[in-house]
Amino acid sequence: MIRNLKEVKDNNFDITRSADEVRNLSFNDHVCLGCGICESTCPVEAITLNAIAVDARHRISNDVYFSGHEKIAQNFKEDFDVQRISIDESKCVLCGMCSGLCPVDALVLTIDDVPIKEIEAYPHYIAFSEIDDDECVYCKRCEIACPRDAIVIDRILPNRADLVTGEIDVDEDECIYCGVCEELCPAEAIIVDHETGKESIVIDKDACVYCLVCKKSCPTNAIKAICRACNYGEYDLNPSDAVVTGNSVIDSELCVYCGWCEGVCPTDAAKVKKPFEGSIEVDDEKCQACGACVDVCQCNALAFPVSAGPGSRMEHVTAFDEFCVRCKACAKACPNGAITVKRTEVDHTPINSTTWKEALDAIKD
């Protein structure tokens, strides 16, 4: 006997069928791109792509649809509470087509608890992202640029005291405790007690960077200081004391291989292989600058140019081809048909099944 069950938890769903083998289809909305590949390839039309960008904007703006204002360039992604797809439980046959063709594993079909991407008979896309820790300088540019917060850079900084060398002392017979040095010290390394009868000055030598600002500003020349690095050059520093170490972590569930990490990396430590090749084009004549494409794009591959100033007219949206993953979510969200995304190549593991070959060919243009 075949039995279908559906359980809804927040924005996720699970469908389970028990027979000789147990099949389970699960969905993670926060991973979904809203690309619609699952909808277009489902053989029983059980999946519907929801109009998430328009719905979310209407909810946030009380149905007042912004247009022509720079504010709409701001993404509403974090405020989206509309599930990206819906599935008709009564139609789903748990064939796994949606799971096999989902580019980000938002839909996962397991057979006896094994994801089909781990089963040789099923295809999966050839794509990866990686950061070479031997080349990485832990600058965090990739962490900041990643549109899905998929990268975490955990760096360990060197001891600042090892990077500056010098000497500093105060002649308290000359010091008048005026506090000028305390106010000017950029490292906040100096504390002056001005109370009559209790005057004192303390310099935290671990915090001092020997910039000599205190020495130059002291009205009584009470501060004696030298910066060894300035006087004797870089050879006075031990290069090993200045090494930044750490490690990088990429969340494979959130990464969509957009390539921002590779694009901003100053040392070529980040490498990305995308599953799809193709192109994206924006028709400026059709674009009405509504921002729906910017809202729905999870790769930050679409953006508006920065306004030239108050009263300036909103420019048309700009596409960054190098960061587009060819998912087509933007093209589906555009109400004016202004965006054209083409998938010309799909890189996947070898497959013998004619059905899967046809399905993979069908998502190409």
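On a predicted model such as this, the values are computed, not experimentally measured, just so you know.

About the thresholds
- Residues numbered from 1 in each chain as written.
- Predicted model: local features only at pLDDT ≥ 70, side-chain atom pairs only at ≥ 80, totals over all residues.
- Heavy atoms only, no water.
- Core = buried A, V, L, I, M, F, W, Y, C linked by side-chain atoms within 4.5 Å.
- Buried < 20%, exposed > 50% of the residue type's maximum accessible area, 1.4 Å probe, protein only.
- Helix = DSSP H or I, 4+ residues; strand = E, 2+ residues; numbered from the N terminus.
- Phe/Tyr/Trp six-rings, centres within 6.5 Å; stacked < 30°, edge-to-face > 60°.
- Lys NZ or Arg CZ within 6 Å of the ring centre and 35° of its normal.
- Salt bridge = Lys/Arg side-chain N within 4 Å of Asp/Glu carboxyl O.
- Polar contact = N/O pair within 3.5 Å; in protein donor to acceptor, adjacent residues only side chain to side chain.
- 1 Å grid on protein atoms, 1.4 Å probe; cavity = no way out; pocket = protein on both sides within 12 Å on 5 of 7 lines; lining within 4 Å.
- Points joined across faces, edges and corners; volume = space filled by probe spheres on them.
- Nonpolar A, V, L, I, M, F, W, Y, C, P; charged D, E, K, R; others polar.
- Patch = residues over 30% accessible without salt bridge, like charges linked within 9 Å, V, L, I, M, F, W, Y side chains within 5 Å.
- Areas by Shrake-Rupley, 256 points an atom, 1.4 Å probe, with all protein chains shown as cover.
- Lys, Arg positive; Asp, Glu negative; His and termini not counted.
- Charge placed at Lys NZ, Arg CZ, Asp CG, Glu CD.
- Arc of directions from axis to C-beta.
- Contact = heavy atoms within 4.5 Å.

Asker: Please provide a residue-by-residue account of the nonpolar core, values included.
Answerer: One finds Leu25, Ile85, Leu101, Leu302, Cys330 and Ile339 to be the most contacted residues of the largest nonpolar core, which totals 63 residues. Judged by nonpolar contacts, the second largest core, of 22 residues, contains Ile168, Ile190, Ala207 and Tyr210.

Asker: Tell me what's going on with unusual backbone geometry, and back it up with residues and numbers.
Answerer: With a phi close to 50 degrees, Glu188 is a non-glycine residue in the positive phi region. With respect to the helices and strands, Glu188 occurs in the loop between helix 6 (180-184) and strand 11 (190-193). Even without glycine at this site, Arg326 takes up a positive phi of about 60 degrees.

Asker: Please give an account of the packing of aromatic side chains that cites residues and values.
Answerer: What the rule picks out here adds up to four aromatic pairs. On the basis of an interplanar angle of 85 degrees and a centroid distance of 5.1 Å, the ring pair of Tyr125 and Phe276 is categorised as edge-to-face. In this pair, Tyr125 is assigned in the loop between strand 7 (114-115) and strand 8 (128-131) and Phe276 in strand 16 (residues 276-282), connecting sequence segments 151 residues apart. Comparing Tyr125 with Phe276, the two get one shared label, buried. On the basis of an interplanar angle of 65 degrees and a centroid distance of 6.4 Å, the ring pair of Trp260 and Phe320 is categorised as edge-to-face. Taken together, the positions of Trp260 in helix 9 (residues 260-264) and Phe320 in the loop between strand 18 (318-319) and helix 11 (329-333) put the pair 60 residues apart, joining distant regions of the chain. Classification of Trp260 by relative accessible area gives buried; the value is 17%. Between the NZ or CZ atom of Arg343 and the centre of the ring of Phe276, over which it lies, the distance is 5.2 Å.

Asker: Please set out the pattern of salt bridges residue by residue, giving values where relevant.
Answerer: According to the stated counting rule, one finds eight salt bridges in the structure shown. Ionic pairing is found between Lys273 and Asp347, a salt bridge with its closest N-O pair at 2.9 Å. Taken together, the residues span a long stretch of sequence, with Lys273 in strand 15 (residues 270-273) and Asp347 in the loop between strand 19 (339-346) and helix 12 (354-362) at a distance of 74 residues. In this structure Asp347 comes out as partly exposed when scored by relative accessible area, which is 28%. Lys328 is the salt-bridge partner of Asp365, the closest N and O atoms lying 2.9 Å from each other. Here Lys328 lies in the loop between strand 18 and helix 11 and Asp365 lies in the segment after helix 12, a separation of 37 residues in the sequence. Overall, Lys328 belongs to the buried group, its relative accessible area being 16%.

Asker: Please provide a residue-by-residue account of the side chain of Gln298, values included.
Answerer: With respect to the helices, strands and loops of the structure, Gln298 is situated in the loop between helix 10 (292-296) and strand 17 (302-303). Here Gln298 falls in the buried class, since its relative accessible area comes to 8%. Here the side chain of Gln298 touches Cys32 through a polar contact of 2.9 Å, landing on its backbone oxygen.

Asker: So what about the environment of Arg23? Which residues, and what values?
Answerer: Tracing the chain through its elements places Arg23 in strand 3 (residues 22-27). The sequence separation of Arg23 and Gly96 amounts to 73 residues, and the corresponding C-alpha distance is 9.2 Å. In this structure the side chain of Arg23 is engaged in a polar contact, spanning 2.7 Å, whose partner is the side chain of Glu21. Polar side-chain contacts of Arg23 include one of 2.7 Å to the backbone oxygen of Leu94.

Asker: Go over the layout of surface pockets, please, and point to the residues and values.
Answerer: Of the voids in this model, the second largest pocket is the one considered here, and its volume is about 350 Å³. Around the second largest pocket, the lining is made up of 22 residues, and of these Cys102, Pro103, Val104, Asp105 and Lys117 lie nearest the centre. Those elements that provide at least two residues to the lining of the second largest pocket are helix 3 (97-101) and strand 6 (107-111). Of the residues that constitute the lining of the second largest pocket, the class distribution is 14 nonpolar, five polar and three charged.

Asker: So what's going on with a negative patch on the surface? Which residues, and what values?
Answerer: Judged by side-chain charge, Glu130, Asp132, Asp133, Asp134, Glu135, Glu262 and Asp268 come together as a negatively charged surface patch. Within the secondary structure layout, Glu262 lies in helix 9.

Asker: Mind laying out helix 12, listing which residues take part and the relevant values?
Answerer: The set of residues buried in helix 12 consists of Trp356, Ala359 and Leu360. Viewed along the axis of helix 12, the buried residues span an arc of 95 degrees, placing them on a single side of the element. Residues of helix 12 that are exposed and angled more than 90 degrees away from the buried face: Thr354, Glu358 and Ala362. The inward-facing, buried residues of helix 12 contact helix 3 and strand 19. Looking at where helix 12 begins, the residue whose side-chain oxygen comes 3.3 Å from the main-chain nitrogen of Thr355 is Ser353.

Such coordinate-based values are descriptive only and should not be taken to indicate function.
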